[in-house]
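If you want the building blocks of each chain, they are given just below.
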Amino acid sequence: MPLSEHEQRLLEQLEKQLHEDRRFASSMKGPSGTGRLSTRNIALGILLVIVGLGGLIFGISQHIIIVGVLGFAVMFAGVLLALTKSATGKIGPSNGTGSKSAAKNNSQFLSGLEEKWNQRKRDQSDS
């Protein structure tokens, strides 16, 4: 279903505002994009989850509440450890060139999409 004239104008205004608003773009990048998940942290986290699960099951089966609570705490710590991002994570390329080439490919992809979008708009305005 094609957009109406009013909707097309609104979409163009939104696109212009998004391209012009650098503060919004920088806030979207945020600190969550920094760092990577560490393979070592993931492995240790999984190990802690398994040990904690064993402690939880043992504590419940033997009616020793403190062991069950400690098992749950160990499981929780394992999940936190596994999901913690580190600046020196080993998942992905080990040198900095991999992220640069990924950013370059992403930029080329986005510019290609933008060119297709502009071509489609030109084709629609011609007809």
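That block above? That's the structure.
A brief structural summary. Since the model is a prediction, treat every value here as computed from it, not as a measurement.

### Thoughts on the environment of Leu81
Take Leu81: it is sitting in helix α4 (residues 65–83). Along the primary structure Leu81 and Leu48 are separated by 33 residues, whereas in three dimensions their C-alpha atoms are 8.8 Å apart. Excluding residues that lie within four positions of it along the chain, Leu81 makes contacts with Asn41, Leu44, Gly45 and Leu48.

### A short note on the environment of Val49
Secondary-structure assignment places Val49 in helix α3 (residues 39–61). The exposure class of Val49 is partly exposed, given its relative accessible area of 25%. Along the primary structure Val49 and Val79 are separated by 30 residues, whereas in three dimensions their C-alpha atoms are 6.7 Å apart. When neighbours within four sequence positions are excluded, Val49 is seen to be in contact with Met75, Gly78 and Val79.

Rules and cut-offs
Residues numbered from 1 in each chain as written. Predicted model: local features only at pLDDT ≥ 70, side-chain atom pairs only at ≥ 80, totals over all residues. Heavy atoms only, no water. Helix = DSSP H or I, 4+ residues; strand = E, 2+ residues; numbered from the N terminus. Contact = heavy atoms within 4.5 Å. Buried < 20%, exposed > 50% of the residue type's maximum accessible area, 1.4 Å probe, protein only.

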